[in-house]
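An overview of the molecular structure
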Amino acid sequence: MLHQMNIYGKDRVQQAIERLQTFEPEEGYYLAFSGGKDSVTVKALMDMAGVKYDAHYSVTSVDPPELVQFVKTFNDVIFDYPTDCDGKVVTMWNLIPRKRMPPTRIVRYCCKYLKEGNGKGRFVVTGVRQAESAKRKGRSGLELGDTKTSKREMLDPDNPSQELIHICPTKAQRILNPIVDWSTDDVWEFINEYNVPYCKLYDEGFERLGCVGCPMSTRQESELNRQPKIKKLYIRAFERMIEERKKAGLETDWKTGEEVLSWWFGDKRKELK
Ligand code: SF4
């Protein structure tokens, strides 16, 4: 059994199950499912909790093919294609020319179009964990966004990093992060203990899965070299982007998609210094 105990002395698994059962909405949860280790953990916990939910995978167009194949093995996961306000499917390949610049560490417009905005009006469950990234350190167990007042409650009143309830006036959404305080070891221990299926890329040394070529990744260049088809699609999108910049009368020193790609890697190296 999972040996880690939480601050209330309860088993982490039991605590996550209770969180899910406590807040279960009548219409069921909307599970934002990425296919990563945290997502498969939360999905398994939801099954163990016996709560009603529908799982959704947002087709980013830049996930590793191995991950997409893995997600397809779940019969109950719905593939959602991001669309714009005209109903046109949005992909990284049409987004880059439209935005007339590559996504960067500072301007990550692609997240907004490809990953966020799903589950509007629903009670969303995610596999977000505080330990996963610095950005997520402040994420709470429950984020509520349908009131005009801002309110926070903590899992542990003496530990401000463990918010239980966050009522955000700007987000019209309720979000439950049932494993927000789990460590990476907790996740792997759970997956091994309960034989939860996971994407084979983890066995090839990947610690995190997601968009290939993400400007936030420290392995952007090597990820793209590993996926030559996706690399080619970026280069083509950059070429269309150059055309769009010219049409809009924007200054550009880039002549080819390869030049943009090399700037992109260089830009990243610069930003990381
Ligand atoms: S490439 Fe990175 S920044 Fe863009 S959608 Fe994917 S995770 Fe977000």
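The structure contained in this document is the topic of the report that follows. Computed from a prediction, not measured in an experiment: that's the story for all the values here.

Let's talk about the overall build of the protein chain
- Within the protein chain, the secondary structure is distributed over nine helices and eight strands.
- Buried positions account for 48% of the 273 residues belonging to the protein chain.
- For the protein chain, restricting intrachain contacts to residue pairs at least 6 apart in sequence, the fraction spanning at least 24 positions comes to 63%.
- For the protein chain, the accessible surface area stands at approximately 14,300 Å², while carbon and sulfur atoms represent 52% of it.

Things to note about helix H8 (residues 228-247)
- Look at H8: 29 Å from first C-alpha to last across 20 residues, which is about the 28 Å you get at 1.5 Å a residue.
- Taken together, the buried positions of H8 are occupied by Ile230, Tyr234, Ile235, Ala237, Phe238, Met241, Ile242 and Arg245. On an axial view of H8, the arc spanned by its buried residues comes to 165°, and they lie on one face. Exposed positions of H8 whose direction lies more than 90 degrees from the buried face are Pro228, Lys229, Lys232 and Lys247.
- One or two steps after H8, the chain reaches Gly249, where phi turns positive at roughly 75°.

Notes on the environment of Lys232
- By secondary structure assignment, the location of Lys232 is in helix H8.
- Put simply, Lys232 and Gly257 are 25 residues apart on the chain and 9.2 Å apart in space, counted from C-alpha to C-alpha.

Let's talk about the pairing of strand S2 (residues 53-58)
- Within S2, five of the six residues are buried, which leaves it mostly tucked inside the rest of the structure.
- Taken together, the four bridges between strand S1 (residues 29-32) and S2 define a ladder with parallel strand orientation. By the bridge assignment, Leu31 is partnered in S2 with Ala55.
- Assessed by its sense of winding, the connection that carries the chain from S1 through helix H2 (residues 37-49) to S2 is right-handed.
- Relative to strand S3 (residues 77-80), S2 runs parallel, the two sharing four bridges. From the neighbouring strand, Ser58 faces S3, where its bridge partner is Asp80.

Thoughts on the packing of aromatic side chains
- This structure, assessed with the given rule, holds 14 aromatic pairs.
- Ring centres 5.7 Å apart and planes at 70° place the aromatic pair Trp182 and Phe190 in the edge-to-face group.
- When its relative accessible area of 1% is taken as the criterion, Trp182 is described as buried.
- Summarising the aromatic geometry, the rings of Phe190 and Tyr194 are spaced 4.7 Å apart at their centres and angled 35° between planes, so their arrangement reads as tilted.

Re the site of the ligand
- Close to the ligand lie Met92, Arg108, Cys110, Cys111, Lys115, Cys211, Cys214 and Pro215, which account for all nearby residues.
- Of the residues assigned to the shell around the ligand, the class counts are six nonpolar, no polar and two charged.

Quick look at the packing of H2 against helix H6 (residues 184-193)
- The N-to-C vectors of H2 and H6 enclose an angle of 55°; their axes lie 10 Å apart at closest approach. Here H2 is positioned oblique relative to H6, judged by the angle of their axes. Crossing handedness for the pair H2 and H6: left-handed. Between H2 and H6, the contacting residues are Lys37, Asp38, Val40, Thr41, Ala44, Leu45 and Met48 on the first element and Thr184, Val187, Trp188, Phe190 and Ile191 on the second.
- Within the contact of H2 with H6, the residues separate by chemical class into eight nonpolar, two polar and two charged.

Concerning the environment of Arg100
- Relative to the assigned elements, Arg100 resides in the loop between helix H4 (92-99) and helix H5 (109-114).
- Between the C-alpha atoms of Arg100 and Glu244, which are 144 residues apart in sequence, the distance is 6.3 Å.

A few points about the side chain of Thr60
- Examined against the element boundaries, Thr60 turns out to sit in the loop between S2 and helix H3 (65-72).
- You can call Thr60 buried: its relative accessible area is 2%.
- Within the local environment of Thr60, its side chain forms a polar contact with the backbone nitrogen of Val62, the two atoms lying 3.2 Å apart.
- Only 3.3 Å separates the side chain of Thr60 from the backbone nitrogen of Asp63, close enough to count as a polar contact.
- Ignoring sequence-local partners within four residues, the contact set of Thr60 consists of Met92, Leu114, Lys115 and Cys211.

Focus: the nonpolar core
- The biggest cluster of nonpolar side chains holds 36 residues, and the ones touching the most others in it are Leu20, Tyr29, Leu45 and Met46.
- At the level of elements, helix H1 (12-23), S1, H2, S2, H3, strand S4 (123-125) and H6 are the ones that each hand at least two residues to this core.
- Considering every element that reaches this core, the biggest residue donor is H2, with six residues.
- For Leu45, the contacting residues outside a window of four places in its chain are Val13, Ala16, Ile17, Leu20, Ile179, Trp182 and Phe190.
- In terms of nonpolar packing, the next biggest core, distinct from the first, is built from 24 residues, Val90, Trp93, Phe238 and Leu261 among them.

Parameters at a glance
- Residues numbered from 1 in each chain as written.
- Predicted model: local features only at pLDDT ≥ 70, side-chain atom pairs only at ≥ 80, totals over all residues.
- Heavy atoms only, no water.
- Helix = DSSP H or I, 4+ residues; strand = E, 2+ residues; numbered from the N terminus.
- Buried < 20%, exposed > 50% of the residue type's maximum accessible area, 1.4 Å probe, protein only.
- Contact = heavy atoms within 4.5 Å.
- Areas by Shrake-Rupley, 256 points an atom, 1.4 Å probe, with all protein chains shown as cover.
- Expected span 1.5 Å × (residues − 1).
- Arc of directions from axis to C-beta.
- Pairing = 2+ DSSP bridges.
- Right-handed = clockwise from strand over helix to strand, strands pointing away.
- Phe/Tyr/Trp six-rings, centres within 6.5 Å; stacked < 30°, edge-to-face > 60°.
- Near = heavy atom within 4 Å.
- Nonpolar A, V, L, I, M, F, W, Y, C, P; charged D, E, K, R; others polar.
- Axes fitted to C-alpha atoms, helices over the stretch in contact; angles between N-to-C directions.
- Parallel < 35°, antiparallel > 145°, perpendicular 65-115°, else oblique.
- Left-handed = near helix turned anticlockwise from the far one by under 90°.
- Polar contact = N/O pair within 3.5 Å; in protein donor to acceptor, adjacent residues only side chain to side chain.
- Core = buried A, V, L, I, M, F, W, Y, C linked by side-chain atoms within 4.5 Å.

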